[in-house]
Amino acid sequence: MENKFNQYDQIYWAFTQLCNDSCLHCYNNSGPQGTRISEEECLAIVNNLPDGLKKLILSGGEPLAEKQKLYSILNRLKEKYDGNLDIALQFNGDLLNEKILQKLITLGVNHFSIASIDRYHKKQGARKETLSELFESQGIVLKAGQPELSRAERMKKKKQLTYGFFGATEDMWLGGNWARGRAMKEDIWMKDGTHNFCSIHSGAIGFMDNKEADVTQELSIQLWKVNPCCPGTVAPMGDARTEKIADIVNRMSKHEVMKKLNKGNIFAIGESIGIPEDYGRKRAKELKNVCLWCDEFFTRYYDIKTQKAKEKQPN
C-alpha cells in the first residue's frame, strides 16, 4: 500500500551545527564547536527523504562552514530528484563569494535565504548591500514583489532563482519557540506561555495533514532527529539516518497525541490520556513557554518512542 507521506510539501533540514558565529539567540547551540554528523550519514538521510518531496530547506549552523559536505548533499539530491526539487539554502551569508554562489546554482539551489539581518549576528546585516549586488550579478532576483509561480511553472522556467533576507525579532524568533539552546542559557527568550508557536508556520501545525490549516506542510530534521516542528520535541519522532521519513510520519499519524500537535493545539496535547486542555494552558503559563510545556509532557507523561502514556499523572 502506497504511503501517502511519500508525497510531502517541505522539509527543513539543519544538517550541521558548525558555524563561524556563536549568536546569543541560537536555539541549537551552533558555533565553531557545533555538533556535526558525517557525510555518509547525510547521504543516508537524503536517501530516506520522501520520493515526492516538493521543497527542501538546507540550513545549520552555517551550511557553508561545511561546504564540501553541502556539495555532496546537493549532488545526491540532483541524482535522486533529477532536478525536480525546489532547494532553498538558509545561511548567514558571511562566507559567500561569487565562485561559491555559481557552484551552488549549478548544483540546483534556487532560493538563497540570508538569515542574519539583525543585531544578534556577527555582521548584523552589514553585508546586505554587498550580497544583493552579488545575487543580482548572477541573475538572482529579490523574492519580495515577485509573482508566485506554481511548481510546474518553476520547472518549466528551469527554476526561478530568488533571494531574500530576514533576521531574529524579539516578538517571534526569540518569543514562542526559542526556549532552547543558547537563547535559553543567555535568558534572552520572551517569556509568554500564551504565545502558541505550535499553531503557526514552523510550529507543528500541519506537519501531517494541513487541509484545515493555512500553512505549508513541514517537518524539521535537526542533524538526524526528525521533529514535527523547528524547535523540536524533547525526544525526536525518529532517526532520518535509518528510517524513511514517510514511514516515521505515517507511524506518528496513528496517535491522538500527535494529531493534537498536527492541529497546533499544544495545550490539549494530553487530552487522549486524561490531561485536560485547561491543565496544559495552566502549565504553559507557569513555565512561560509552550515548548517547555511540550517538553514536560513528553518527559513526564508520554513516551514519544512507544506512543504510550507513562504512569505518572499531574496532581
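Since the model is a prediction, treat every value here as computed from it, not as a measurement.

Asks: Where do I start with the overall build of the protein in this structure?
Replies: Across its full length, the protein holds 10 helices and 11 strands. Taking 2.2 N^0.38 as the reference for a compact globule, 315 residues should give roughly 20 Å; the C-alpha atoms of the protein span a radius of gyration of 19 Å, in line with that estimate. For the protein, the proportion of its 315 residues judged to be buried stands at 56%. In the protein, 68% of the contacts between residues at least 6 apart in sequence involve partners at least 24 apart. Put simply, the protein shows about 14400 Å² of open surface, and 47% of that area lies on carbon and sulfur atoms.

Asks: Can you help me understand helix α7 (residues 245-252) in this one?
Replies: Side chains of residues three or four places apart in an α-helix project in the same direction, reflecting 3.6 residues per turn. When we look at burial in α7, the residues that qualify are I245, A246, I248, V249 and M252. Looking straight down α7, one finds that the buried residues subtend no more than 160 degrees of arc, so they occupy a single side.

Asks: Explain the environment of T299 here, please?
Replies: Here T299 is to be found in helix α10 (residues 290-301). Sequence spacing of T299 and H195 is 104 residues, and the spatial spacing of their C-alpha atoms is 21 Å. Those residues in contact with T299, other than ones at most four positions away along the chain, are V234 and K310.

Asks: Would you mind showing me how to read the nonpolar core here?
Replies: For soluble globular proteins, the rule of thumb is that nonpolar side chains tend to be buried together. If you look at the biggest cluster of nonpolar residues, it comprises 73 residues, and the most contacted ones within it are L58, L77 and L104. By size, the runner-up hydrophobic cluster in this structure holds eight residues, among which are Y12, A14, Y27 and A88.

Asks: So what exactly am I meant to see when it comes to unusual backbone geometry here?
Replies: Backbone geometry follows two general trends: most residues other than glycine have a negative phi, and most peptide bonds adopt the trans configuration. Backbone torsion omega between G60 and G61 reads 20 degrees, so that peptide bond is classified as cis. Although it is not a glycine, D187 sits at a positive phi angle of roughly 55 degrees. Considering the arrangement of structural elements, one finds D187 in the loop between α6 (181-185) and β7 (218-222). The phi dihedral of Q307 is positive, around 55 degrees, even though this residue is not glycine. Looking at the element boundaries, Q307 is found in the loop between β10 (302-303) and β11 (308-309). Judged by relative accessible area, which is 8%, Q307 ranks as buried.

Asks: What is the right way to read helix α9 (residues 277-287) from this model?
Replies: Taken together, the buried positions of α9 are Y279, G280, R283 and A284. The buried residues of α9 all sit within an arc of 135 degrees when viewed along its axis, so they share a single face. Within α9, the exposed residues directed more than 90 degrees away from the buried face are D278 and K285. On the buried face of α9, the contacting elements are α10. Of the residues trailing α9, K288 is marked for its positive phi of about 70 degrees.

Asks: Even after reading the chapter, I still don't get the packing of α9 against α10, so can you show me in this structure?
Replies: The description of two helices packed together rests on the angle between their axes and the distance between the axes. The interhelical angle for the contact between α9 and α10, taken along N-to-C directions, is 120 degrees, at an axis separation of 8 Å. For the element pair α9 / α10, the angle class is oblique. Every pair of crossing elements has a handedness; the one defined by α9 and α10 is right-handed. Together, Y279, G280, R283, A284 and L287 of α9 and V290, L292, W293, E296 and Y301 of α10 make up the contact between the two elements. Partitioned by chemical class, the residues of the contact of α9 with α10 number seven nonpolar, one polar and two charged.

Asks: Looking at this model, I keep getting lost on the pairing of strand β3 (residues 86-91). Mind explaining?
Replies: Walk down a regular strand and you will see the side chains alternate between the two sheet faces. The buried count for β3 comes to six of six residues, which makes it a mostly enclosed element. Handedness of the strand β2 (residues 52-59)-helix α2 (residues 67-81)-β3 crossover: right-handed. Relative to strand β4 (residues 111-114), β3 is paired through four bridges, and the arrangement is parallel. From the neighbouring strand, Q90 faces β4, where its bridge partner is S113.

Thresholds, definitions, all that
Residues numbered from 1 in each chain as written. Predicted model: local features only at pLDDT ≥ 70, side-chain atom pairs only at ≥ 80, totals over all residues. Heavy atoms only, no water. Helix = DSSP H or I, 4+ residues; strand = E, 2+ residues; numbered from the N terminus. Rg over C-alpha atoms; globule rule 2.2 N^0.38 Å. Buried < 20%, exposed > 50% of the residue type's maximum accessible area, 1.4 Å probe, protein only. Contact = heavy atoms within 4.5 Å. Areas by Shrake-Rupley, 256 points an atom, 1.4 Å probe, with all protein chains shown as cover. Arc of directions from axis to C-beta. Core = buried A, V, L, I, M, F, W, Y, C linked by side-chain atoms within 4.5 Å. Axes fitted to C-alpha atoms, helices over the stretch in contact; angles between N-to-C directions. Parallel < 35°, antiparallel > 145°, perpendicular 65-115°, else oblique. Left-handed = near helix turned anticlockwise from the far one by under 90°. Nonpolar A, V, L, I, M, F, W, Y, C, P; charged D, E, K, R; others polar. Right-handed = clockwise from strand over helix to strand, strands pointing away. Pairing = 2+ DSSP bridges.

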